[in-house]
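# Secondary and tertiary structure notes
Take a look at the letters that make up each chain.
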Amino acid sequence: MGKEKLLLLDGNSLAYRAFFALPLLTNDSGIHTNAVYGFTTMLQKILEEEKPTKMLVAFDAGKTTFRHESFEEYKGGRQKTPPELSEQFPYLRKLIDAYQIKRYEKELYEADDIIGTLAKEASAKDMDVIVVSGDKDLTQLATEQVTVYITRKGMTDIEKYTPAHIEEKYGLTPLQIIDMKGLMGDTSDNIPGVPGIGEKTAIKLLKEYGSVEALYEQIADMKQSKMKEKLLDNEEQAKLSKKLATIFTEAPIEISLDDLNYPGPNEEELLNVWQELSFKSLIEKSDFQMEEKETAELKFDITENVTEDMLQDVMAVHVELENEHYHSCQILGFGFTDGVKTFFVPFEAVHQNEAIKKWLEDETKKKYMSDSKAAQAILKRIDINLHGVVFDMLLASYIANPAISGDDVATLSKEFGYTDVQANETIYGKGAKWTVPEIHVLAEHVCRKAFAIWSLQPVLEVKLKENEQFNLYHDLELPLASILGSMESEGIKVNISTLKQMGEELEQKISALEKEIYELAGENFNINSPKQLGVILFEKLGLPVVKKTKTGYSTAADVLEKLQSEHTIVKYILDYRQLAKLQSTYIEGLIKEVHSEDSKVHTRFQQALTATGRLSSTDPNLQNIPIRLEEGRKIRQAFVPSEKDWVLFAADYSQIELRVLAHMSQDENLVDAFKQGMDIHTRTAMDVFHVPAEEVTSNMRRAAKAVNFGIVYGISDYGLSQSLDITRKEASEFIDKYLQSFPGVKDYMDNIVQEAKLKGYVTTILNRRRYLPDITSRNFNLRSFAERTAMNTPIQGSAADIIKKAMIDMDARLKEEGLKSKLLLQVHDELIFEAPKEEIEILERIVPEVMEHAIELAVPLKVDFSYGSTWYDAK
DNA sequence: GGCGTCACG
DNA sequence: ACGTACGTGACGCCC
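One structure accompanies this document, and this report is about it. (Residues numbered from 1 in each chain as written. Chains lettered and ligands numbered in written order. Predicted model: local features only at pLDDT ≥ 70, side-chain atom pairs only at ≥ 80, totals over all residues. Heavy atoms only, no water.)

## Remarks on the overall build of chain A
On a plain count of helices and strands, chain A comes out with 37 helices and 23 strands. Overall, chain A is about 110 × 75 × 60 Å in size when its C-alpha atoms are taken along their principal axes. Across the 875 residues of chain A, 52% fall into the buried class. Long-range pairs, those at least 24 residues apart, make up 66% of the contacts in chain A between residues at least 6 apart in sequence. Here chain A carries 104 positive and 142 negative side-chain charges, and the mean point of each set is 4 Å from the other. (Helix = DSSP H or I, 4+ residues; strand = E, 2+ residues; numbered from the N terminus. Buried < 20%, exposed > 50% of the residue type's maximum accessible area, 1.4 Å probe, protein only. Contact = heavy atoms within 4.5 Å. Lys, Arg positive; Asp, Glu negative; His and termini not counted. Charge placed at Lys NZ, Arg CZ, Asp CG, Glu CD.)

The structure is reproduced here in structure tokens:
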């Protein structure tokens with residue numbers, strides 16, 4: 001057996017060092033990780049280079065140490081540990097445990113003393129010893145057998161202190177380092193030393209006299225000087241300082257060298273901890289990743305004959321799809337598990353199986369799923385009405401943290417430390433290489449998903465309850481998923497011939513504009529290419545450059561609008577752009593999405609995507625159909641009811657975000673304005689410009705409206721100046737005036753940013769959370785962004801909470817009243833229904849009633865509504 | 001696949 | 001001194 005090598009780490013000092021050396025990184029849940037990360041990279045490097053046989057990380061035990069007996073002020077005046085660092089210590093301990101390295105701390109002693117004691121003991125047994133710290137004081141421990149590693153900037157840069165290195169650097173022996181500190185003191189530990197003596201003088205004196213004691217023995221012979229006076233005045237203090245700086249190498253520790261054997265890391269545990277900390281680069285680099293990836297064995301069957309007795313009262317079930325387009329793709333198979341028996345059923349077998357259909361439709365048979373909305377929608381296509389979903393992993397994860405990206409079971413599971421599911425890409429390949437594997441591979445993959453959902457259900461339930469978010473998840477998002485699924489499956493009818501006709505008319509106008517533009521440019525070019533357009537406008541025609549992008553000249557609409565007076569081509573380009581957008585996105589794009597079987601579009605509402613709690617809509621996006629400009633608005637004429645003598649009925653919240661702001665800020669002025677039912681922008685203009693209502697001009701109202709928008713977005717003078725095309729100074733004055741008129745809003749904004757800094761997240765009315773790790777960033781940009789987000793998210797998110805609740809209430813109400821009317825779309829602050837004419841009167845009564853009372857605020861909610869034979873006419 | 005642009009709330 | 005309005009999705013271009 002070779003020589004033993006002992007590695008002793010100074011836990012506290014290394015954590016502090018790493019914390020201040022690295023930017024404030026965070027994991028996906030918003031916990032700061034920079035100290036743990038720096039510690040880990042340092043450790044990885046040293047482990048690789050040194051291959052120790054024994055290891056220990058020593059920590060300081062508490063506030064007081066034996067040193068305080070002789071000097072009360074020891075380490076006094078220290079800043080208290082920043083909370084961003086404190087929160088990392090539990091993770092640091094977890095990490096060390098995963099490495100299977102011993103940790104130790106001892107009441108009344110510092111990490112230094114534990115390290116000194118063990119270093120001495122190990123030296124006596126002829127071991128090689130390496131001490132690692134961020135604190136140079138420990139260099140006093142260096143001997144022929146003990147090398148002291150001090151980390152420098154970046155943590156992996158290490159300076160190795162041997163006696164020879166210390167001699168070279170200071171001209172002193174390691175033990176004289178203590179004398180040096182006795183003379184010069186140490187501000188960080190509040191060790192006084194001799195005032196006026198710094199490093200240079202201390203070294204000079206020690207070279208001459210050898211030690212503090214020898215110096216004072218011979219001080220009588222020293223020739224008179226200011227320095228001599230200072231030394232004489234502070235003799236006691238110098239001696240005390242030396243004592244304080246001396247590492248105690250005979251601490252009464254209970255741990256022995258035999259306890260310190262280092263077996264190497266528990267790779268599984270370590271990966272879990274890294275996973276939790278989001279150390280993605282380390283996970284990728286780790287060479288044990290491959291072995292670890294080997295998942296635990298899962299026993300499962302493949303069965304075509306499912307009988308009733310196999311389907312339990314509570315099961316996880318996963319419906320495996322070809323891709324995310326569940327309104328058109330195929331089902332590949334089903335995975336079922338109750339934690340004991342796990343089995344795969346191919347699609348064909350389910351299709352024909354009455355027992356499975358009955359079980360899936362049975363409300364009392366409880367299902368744990370992930371993305372139950374997708375399952376509901378695709379099952380509907382084969383005439384199965386899914387019921388009894390009591391857990392949806394996708395939604396639970398989203399509520400726990402909306403920043404979790406990815407909607408497949410493998411990705412979600414990993415977020416919560418469960419790694420026994422393969423990525424879809426691994427099983428199917430991607431792009432052109434996508435292919436369904438042989439049935440055993442497919443079956444195992446799907447079964448593993450079901451098992452993951454089964455395993456994580458209790459984990460997520462506990463987490464949501466801890467965060468007081470279980471109700472939000474269970475009573476809001478979960479029932480909403482089913483409602484959204486029905487809305488998607490129902491779809492909305494599109495009149496293709498209307499679209500085609502509009503397309504033809506557009507085509508004419510577009511080619512006419514094209515001709516004009518080529519004429520004025522003097523050449524043909526691709527108008528759709530910002531690059532080519534930039535060359536024409538700013539080089540060939542010599543128009544002034546207003547704004548640049550990363551890649552060249554900006555040709556955005558706000559820029560072109562400023563250039564209109566410079567050249568007639570500009571207006572043509574603006575018109576061309578507008579029409580080209582309509583043609584490509586809303587005519588051609590929409591036609592591609594219409595299902596031929598029913599002439600309907602079936603959007604997919606993404607329920608677990610946005611950072612704020614809003615929905616989004618894809619394929620097609622029905623939340624951004626044009627309305628602001630008449631030409632575009634006409635697109636809405638193509639959206640029609642699915643049955644004859646029905647109408648489209650639209651109801652929207654008026655100023656919901658400002659009402660939410662009034663509620664949350666409790667600003668008296670704003671609350672009052674809404675209670676009186678005033679036009680909020682006019683009211684804002686009155687307050688900001690100090691004029692009565694009748695003197696508010698349209699320009700004043702426009703400015704006030706922009707300020708109101710800005711307030712909701714987390715205002716900045718720059719942003720407001722851009723939107724109103726005024727100077728920053730003017731914008732800043734507007735904002736000041738606004739905040740003077742609405743002091744409650746100012747307090748709210750200040751407080752919400754403070755709260756975000758303290759907690760690391762902000763919340764909505766229904767306790768939806770958004771983590772804001774950048775809120776403490778030292779990067780101005782990142783921090784400012786996070787601050788604006790802290791102001792905006794509770795507003796936008798609470799508005800989302802309200803309309804989601806309204807959808808649930810509305811769904812119940814339609815059923816209660818036995819109406820045929822159907823909810824089809826949600827567009828952030830409005831709901832769109834289709835309804836038989838004879839139900840219009842009822843909707844006019846119940847829709848506003850339900851929406852206005854979805855959640856009671858300190859101000860009334862107001863809903864406007866209308867209906868017509870097309871979406872365009874519902875205005 | 002990233003970027004610029006533009007549609008919506 | 002920093003360089004921004006908040007939240008989305010789809011299109012065409014270009015590498």
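## A few points about the protein's contact with DNA strand B
Taken together, the neighbourhood of DNA strand B is formed by 22 residues, with Thr-555, Arg-577, Lys-581, Ile-627 and Asp-829 sitting nearest. For DNA strand B, the fraction of atoms within 4 Å of the protein that belong to sugar or phosphate moieties is 74%. Residue Thr-555 places a main-chain N or O atom 2.7 Å away from a phosphate oxygen belonging to DNA strand B. One of the backbone N or O atoms of Ala-557 is found 2.8 Å from a phosphate oxygen in DNA strand B. Looking at the surface near DNA strand B element by element, the count peaks at three residues for helix α27 (residues 568-593). Of the residues belonging to the surface near DNA strand B, the class tally is eight nonpolar, eight polar and six charged. (Near = heavy atom within 4 Å. Polar contact = N/O pair within 3.5 Å; in protein donor to acceptor, adjacent residues only side chain to side chain. Nonpolar A, V, L, I, M, F, W, Y, C, P; charged D, E, K, R; others polar.)

## Let's talk about the protein's contact with DNA strand C
Residues in close proximity to DNA strand C total 37 residues, the closest being Asn-526, Ser-529, Ser-616, Phe-780 and Asn-781. Here, DNA strand C places atoms within 4 Å of the protein, and 57% of those atoms are sugar or phosphate. Contact distances for DNA strand C include 2.9 Å between a phosphate oxygen and a backbone N or O atom of Asp-619. Between DNA strand C and the protein, one listed contact pairs a sugar or linking oxygen with a side-chain N or O atom of Asn-621 at 2.9 Å.

## Quick notes on unusual backbone geometry
Each neighbour pair has its own omega, and for Asp-619 with Pro-620 the value is -5°, a cis peptide bond. We note that Asp-645 has phi near 65°; this positive angle belongs to a residue other than glycine. As for its placement among the helices and strands, Asp-645 is situated in the loop between β17 (639-640) and β18 (646-653).

## Side note on the sheet that holds strand β2 (residues 54-59)
What the six strands build is an open sheet, ordered β3-β2-β1-β4-β5-β6; its pairing is mixed. Where the open sheet ends on each side, the last strands, each with one partner, are β3 (102-105) and β6 (158-161). Adjacent strand axes in the sheet meet at a mean angle of 25°, parallel and antiparallel pairs treated alike. In this sheet, β2 lies alongside strand β1 (residues 5-10) in parallel orientation, the contact comprising five bridges. Residue pairing in the sheet places Leu-6 in a bridge with Lys-54 of β2. Against the sheet, helix α1 (residues 11-21) engages β1, β2, β4 (128-133) and β5 (146-151), with an angle of about 60° to β1. (Pairing = 2+ DSSP bridges. Axes fitted to C-alpha atoms, helices over the stretch in contact; angles between N-to-C directions.)

## Comments concerning the state of the cysteines
A disulfide bridge is the covalent bond that connects two cysteines by way of their sulfur atoms. Tallying each qualifying case throughout the model produces zero disulfides. Cys-329 forms no disulfide, and the closest cysteine sulfur to it belongs to Cys-447, at a distance of 19 Å. Using a relative accessible area of 5% as the deciding quantity, one classes Cys-329 as buried. (Disulfide = S-S within 2.5 Å.)

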